[in-house]
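Residue-level structural notes
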Amino acid sequence: MNMPQESLNYLPRGKDKIPMRYLRFLPAGLEENRNEKWPLILFMHGAGERGHDPDILKKHGIPKIVETRPGFGFITISPQCEIGASWDGYIETLEALLDETVLTLPVDTGRVYLTGISMGGQGVWRLAVEIPDRFAALVPICGYGPPTQGFPERVCMLKDVPVWVFHGADDDIVPLEESRKMVAALEACGGNVRFTIYPDTGHDSWTRTYDNPELYRWLLKHDLSEKTRDQKIRR
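Residues numbered from 1 in each chain as written. Predicted model: local features only at pLDDT ≥ 70, side-chain atom pairs only at ≥ 80, totals over all residues. Heavy atoms only, no water.

Turning our eyes to something else, we now look at helix H1 (residues 61–68). Along H1, the positions that sit buried rather than exposed are Gly61, Ile62, Pro63, Ile65 and Val66. Each element contacted by the buried residues of H1 is listed here: strand E2 (20–25), strand E3 (38–44), strand E4 (75–80), strand E5 (107–117), helix H5 (206–210) and helix H6 (213–220). (Buried < 20%, exposed > 50% of the residue type's maximum accessible area, 1.4 Å probe, protein only. Helix = DSSP H or I, 4+ residues; strand = E, 2+ residues; numbered from the N terminus. Contact = heavy atoms within 4.5 Å.)

Bringing H6 into the picture now. Taken as a whole, H6 has its buried residues at Leu215, Tyr216, Trp218 and Leu219. Summarising the axial view, the buried residues of H6 lie within an arc of 155 degrees, below the 170-degree limit, and thus occupy one face. Here H6 starts with a cap whose side-chain oxygen sits 3.0 Å from the backbone nitrogen of Glu214, and that cap is Asn212. (Arc of directions from axis to C-beta. Polar contact = N/O pair within 3.5 Å; in protein donor to acceptor, adjacent residues only side chain to side chain.)

Quick look at the pattern of salt bridges now. By the definition in use, this model includes 12 salt bridges. The partner of Asp88 in a salt bridge is Arg126, and the shortest N-O contact between them spans 3.0 Å. Here Asp88 is found in the loop between E4 and helix H2 (91–104), whereas its partner Arg126 is found in helix H3 (residues 119–130), with 38 residues between them in sequence. Judged by its relative accessible area of 27%, Asp88 is partly exposed. (Salt bridge = Lys/Arg side-chain N within 4 Å of Asp/Glu carboxyl O.)

A separate point is the pairing of E5. Buried residues dominate E5, accounting for 10 of its 11 residues. In this sheet, E5 lies alongside E3 in parallel orientation, the contact comprising six bridges. By the bridge assignment for E5, Leu40 is matched with Val112. When E5 meets strand E6 (residues 137–141), the two strands line up parallel, connected through five bridges. By the bridge assignment for E6, Ile117 is matched with Ile141. Regarding topology, H3 serves as the crossover connection from E5 to the parallel E6, and that connection is right-handed. (Pairing = 2+ DSSP bridges. Right-handed = clockwise from strand over helix to strand, strands pointing away.)

In structure tokens:
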């Protein structure tokens, strides 16, 4: 059996890093064989899951999947924003949390993946352009480009990172056009992007996506080069 998700507090040290609550999931077998390296998924939630209780995150996405799918083979980290906050305010903390996870758990640094839904989809774009060499693949779901920081053009920093974008055609919360703009910008600069549009689907395009085993097979096809894998963790 998999280990249960733990609710933890991350208290980073240093200027501009904000304390953050998060859920952590460890696959079955990790404690028994810590010499094995495991892929990691960093999941970014939507606006409705902000707050002070990480268990709320189990309603949707990766935190829900690991509760219901025995044998899920990824370490997962699911941080939580404070009420009223957005992922823009947590970039430094997210980088530090990722570093801490890699340093303290048997993570395969060549197979670190980033995904998120709605506001978390925006967070995927935002965080990935800051540290594009850290992720083997990205999965933004019903997301949108940040309204500042030079998007959508800045997305070209991700042209060498495989990206699979998902969106519902009938989304009345985040219009489909938001993902179209990001995909078009990536395609214009030669990016490796795949785009799935669900017809007759509204804002919840994540349940269908995360329930699909093909998503996880696709993630595991992508692995950073040995040169990138062995690079020193940023301090």
